[in-house]
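# Residue-level structure breakdown
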Amino acid sequence: MMSLRPLLHDTAATLFNRWGRMRHRGELRMLMFHGLTDQEHHGLENCQYKHLNVDRFESLVRHLAASYDVLSMDEMVECLQSGKPLPPFPAVLTFDDGFASNYDLAFPILKQHGLPAIIYLATEFVDEKIPIWVDRVDYAMHQAGRSRSDLVAFKDKFKVRPQAEILAAVSQLEEDTGHRLGRADRDDVPTIYRALNWDQIREMSQSGLITFGSHTHTHVILGRAQPDVIRAELAESRARIERETGCACHHFCYPNGAAGDFSDTSEQILRECSFRSSITTLGGLNPLPAKPFLLRRLGMTNDLRAMQFKQYLALGDASVRGLLQAGG
Ligand SMILES: [Zn+2]
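Quick look at the structure, then. Position numbers for residues start from 1 in each chain and track the written sequence from start to end. In keeping with the model being predicted, local features are shown solely for residues with a pLDDT of at least 70 and side-chain atom pairs are shown and tallied solely at 80 or more, while totals for entire chains, interfaces and linings include all residues.

Next up on the list: the overall build of the protein. Put simply, DSSP marks the helices as runs of H or I at least four residues long and the strands as runs of E at least two long, and each gets a number from the N terminus on. Within the protein, the secondary structure is distributed over twelve helices and ten strands. In terms of overall dimensions, the protein is globule-like: its C-alpha atoms have a radius of gyration of 20 Å, near the 20 Å expected for 328 residues. Across its three principal directions, the C-alpha atoms of the protein cover 60 × 50 × 35 Å. Burial in this document is a count-based property: other C-beta atoms within 10 Å of a residue's C-beta are tallied, and the residue is buried at 20 or more, exposed at 12 or fewer, or partly exposed in between, with C-beta positions derived from the backbone. Looking at the 328 residues of the protein, the share that counts as buried comes to 43%. When contacts within the protein are restricted to residue pairs at least 6 apart in sequence, those whose partners lie at least 24 apart make up 69%. Note on method: radius of gyration uses C-alpha positions; expected globular size equals 2.2 Å times residues raised to 0.38. Working definition of a contact: two residues with C-beta atoms, positioned from the backbone, lying within 7 Å.

Attention now goes to helix α8 (residues 163–177). A helix is expected to reach a length of 1.5 Å times the quantity of its residues less one. Relative to the 21 Å expected for 15 residues at 1.5 Å per residue, α8 spans 21 Å between its end C-alpha atoms, a close match to the ideal helical length. Listed as buried for α8 are Ile166, Val170 and Leu173. One face of α8 carries all of its buried residues, which in axial projection span an arc of 55 degrees. Exposed residues pointing more than 90 degrees away from the buried face of α8 are listed as Ala164, Glu165, Gln172, Glu175 and Asp176. By arc we mean the arc of the directions from the helix axis to the C-beta atoms, nothing more.

In terms of burial, strand β5 (residues 90–97) is largely enclosed, as eight of its eight residues are buried. Of the strand pairs in this sheet, strand β1 (residues 29–33) and β5 are connected by five bridges, and their pairing is parallel. Each residue of the ladder has a partner; that of Met32, found in β5, is Thr94. DSSP bridges decide pairing: two strands pair if at least two such bridges lie between them. Where strand β4 (residues 69–70) lies against β5, two bridges are found, and the strand directions are parallel. Residue pairing for β5: Val70 is matched across the bridge by Ala91.

Relative to each other, helix α2 (residues 54–67) and helix α4 (residues 101–113) sit at 25 degrees, their axes nearing to 10 Å. Considering their axes alone, α2 and α4 lie roughly parallel with respect to each other. Of the two possible hands of crossing, α2 and α4 adopt the one that is right-handed. Contacts between α2 and α4 involve Val54, Phe57, Glu58, Val61 and Ala65 from the first element and Leu105, Ala106, Ile109, Leu110 and His113 from the second. For this scheme, ten residues count as nonpolar: Ala, Val, Leu, Ile, Met, Phe, Trp, Tyr, Cys and Pro. Four count as charged, namely Asp, Glu, Lys and Arg, and the remainder, Gly too, count as polar. Class assignment for the residues of the contact of α2 with α4 results in eight nonpolar, one polar and one charged. Here the axes come from fitting lines to C-alpha atoms, over the contacting stretch only for helices, and the angles between their N-to-C directions go from 0 to 180 degrees. Roughly parallel means an angle under 35 degrees; roughly antiparallel, over 145; roughly perpendicular, 65 to 115; everything else is oblique. Each crossing gets its hand from how the near helix is turned against the far one by less than a right angle, where anticlockwise is left-handed and clockwise is right-handed.

Attention now goes to the nonpolar core. General note: in soluble globular proteins, nonpolar side chains tend to be found buried as a group. For the purposes of this analysis, a nonpolar core is taken to be any set of buried Ala, Val, Leu, Ile, Met, Phe, Trp, Tyr and Cys residues that are connected through C-beta atoms within 7 Å. Grouped together as the largest cluster of nonpolar side chains are 83 residues, with contacts concentrated most on Met30, Leu31, Ile119 and Met300. Looking at which element gives the most residues to this core, the answer is helix α6 (residues 133–143), with six residues. Contact partners of Ile119, with chain neighbours within four places excluded, come to Phe95, Gly98, Asn102, Ile210 and Phe212.

Structure representation (structure tokens):
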């Protein structure tokens, strides 16, 4: 009888997923990815699971292609703005920051299955290969053998501070530990920290499958930024993307993206600047009708097992992340 347990468990989980998917039919699922990886990571490398194993990604993409209606960001926003009905199980795939693995690992799989996606670029990361500060913290603490609680405490303390103070604290950490993450195009920099380049971005853009949106220029958290900083960050990142791709950039993704990382002011400025959408990292599904601003997302992270991906996608409830540990 023991050997039947995994089978019964999987059957029950599959039925539960189908029920959840139907119960939330018509709600919009925005999936959040960062990078992908084809390596094992230890210590604090990838300790927040934002680089998803490429095989898990492929299996998730197969599931999405079979069970959901994956739309481009433009198609989705067009429907929300015009009132045109969306298909029954609408989903949009989003990638934050501009990691090189979006091209090396994700793009071939998306092409193979014909699924569109949007990549939000922090354009300084792409242009100047300056790593984003959270990655600099991960790297320095990993190399120095610090604990996960040290890392989380550092990020929690500084992410609510002004950008200049964050960058000063990160530089100090690098000096204290003696470990500084190099430019994001160097061969000695671990693959997960590398940035896309504009040739890769143009190739993806010209494929017609991949859209590019703004994630600010310097990955600054906008909720507490001054209006002139917000305007300058939006203008710079949009100008770089439009110049390099030749395509309009009118979608925006908030760095960090949690409560307090956006504001009425930032939303007002986005609209004044004719951005057509904004997305956050707040978790959950988006019931319709909805405006295409401050949309919620489902974080597709490397700590989820196959059945949990399916269930999280079906229900959009973060509490499922702790369930079904025995699932695939
Ligand atoms: Zn980001």
